[in-house]
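Fold and contact review
Residue strings, one per chain:
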Amino acid sequence: MGQRSFGNFFYYEFREVFDGSLGLDLVAFREGARHAARNTGLHGRWETLRAADPKAHKARIICDTGHNAHGLRWVAEQVDRISCDYENVFFILGLAREKDVDAIAPLLPRNVRYIWTQASSPRALPAVDLANAMSDHGLSGSVTFTVAAALDEADKKATDKDLIFIGGSNFVVCEVL
């Protein structure tokens, strides 16, 4: 995740705590957020898993654990912001059963190639159910029944000029980390 965007994400999500009443230093907070993965071992927030490899014709892979409307809105904004840098964006998405698909679907990017999937968790929304729900919102894509199959499908179709994004659920991201 870009240094500026990660700190800004947290600032806008939690700006009410930066009103001065708690004595939090915004600069220190942004610096801590910028190095959160290194300092805490926490991974999966707009993390590059693989850089594009022109020699092997492999796409860049990014994952993010945003798993609700708030988080996925931010993910969609980031994907929209960088999508012009790629010929295609393959967007692998799986959700937990309890997530509000009707709130999430309108926030998702429209200029990507979706691959609906499901994590191996019993809490995962079945990929077919996800595909049907997204179809009701005008979003189409292919369906895979495992995260590994979704990544394999995207990796076979994508080139080094493309981006593969993986997210929608902590469970999905954990399966690729």
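Right, let's walk through the structure included here. Everything numeric here is computed off the predicted structure, so don't read it as measured data. (Residues numbered from 1 in each chain as written. Predicted model: local features only at pLDDT ≥ 70, side-chain atom pairs only at ≥ 80, totals over all residues. Heavy atoms only, no water.)

As for helix H7 (residues 147–157)
Turning to H7, its buried residues number three or more, namely Val 147, Ala 150, Glu 153, Ala 154 and Asp 155. Tucked inside the fold, the buried residues of H7 contact strand S1 (47–50), strand S3 (89–93), strand S4 (113–116), strand S5 (141–143), strand S6 (163–167) and helix H8 (170–174). (Buried < 20%, exposed > 50% of the residue type's maximum accessible area, 1.4 Å probe, protein only. Helix = DSSP H or I, 4+ residues; strand = E, 2+ residues; numbered from the N terminus. Contact = heavy atoms within 4.5 Å.)

Some words on the sheet that holds S6
Strand order in the open sheet made by the six strands is S1-S2-S6-S3-S4-S5, with mixed pairing throughout. If you trace the sheet from one side to the other, it starts and ends with S1 and S5, each paired once. Each strand axis lies, on average, 25° off the axis of its neighbour in the sheet, ignoring direction. The pairing of S3 with S4 spans four bridges and is parallel. Note that in S4 the partner of Leu 93 across the bridge is Trp 116. Across the sheet, helix H6 (residues 127–135) is in contact with S3, S4 and S5; its angle to S4 comes to roughly 140°. (Pairing = 2+ DSSP bridges. Axes fitted to C-alpha atoms, helices over the stretch in contact; angles between N-to-C directions.)

A closer look at the pattern of salt bridges
Inspection of the entire model under this criterion finds seven salt bridges. Residue Arg 50 pairs with Asp 155 through a salt bridge whose shortest N-O separation is 2.6 Å. Linking Arg 50 in strand S1 with Asp 155 in helix H7, this pair joins segments that are 105 residues apart in sequence. Residue classification places Arg 50 among the partly exposed positions, given a relative accessible area of 24%. (Salt bridge = Lys/Arg side-chain N within 4 Å of Asp/Glu carboxyl O.)

A word on the environment of Ser 135
Within the secondary structure layout, Ser 135 lies in helix H6. Judged by its relative accessible area of 47%, Ser 135 is partly exposed. Linking Ser 135 and Ala 105, residues 30 residues apart in sequence, is a C-alpha distance of 9.4 Å.

Here's the deal with a nonpolar patch on the surface
Together, Val 128, Val 143 and Phe 145 give the surface a local cluster of nonpolar side chains, amounting to about 250 Å² of exposed area. Tracing the backbone shows Val 143 in strand S5. (Patch = residues over 30% accessible without salt bridge, like charges linked within 9 Å, V, L, I, M, F, W, Y side chains within 5 Å. Areas by Shrake-Rupley, 256 points an atom, 1.4 Å probe, with all protein chains shown as cover.)

Looking at the pairing of strand S2 (residues 60–64)
The buried count for S2 comes to four of five residues, which makes it a mostly enclosed element. Sheet analysis places S1 next to S2, joined by three bridges and oriented antiparallel. Residue pairing in the sheet places Glu 47 in a bridge with Cys 63 of S2.

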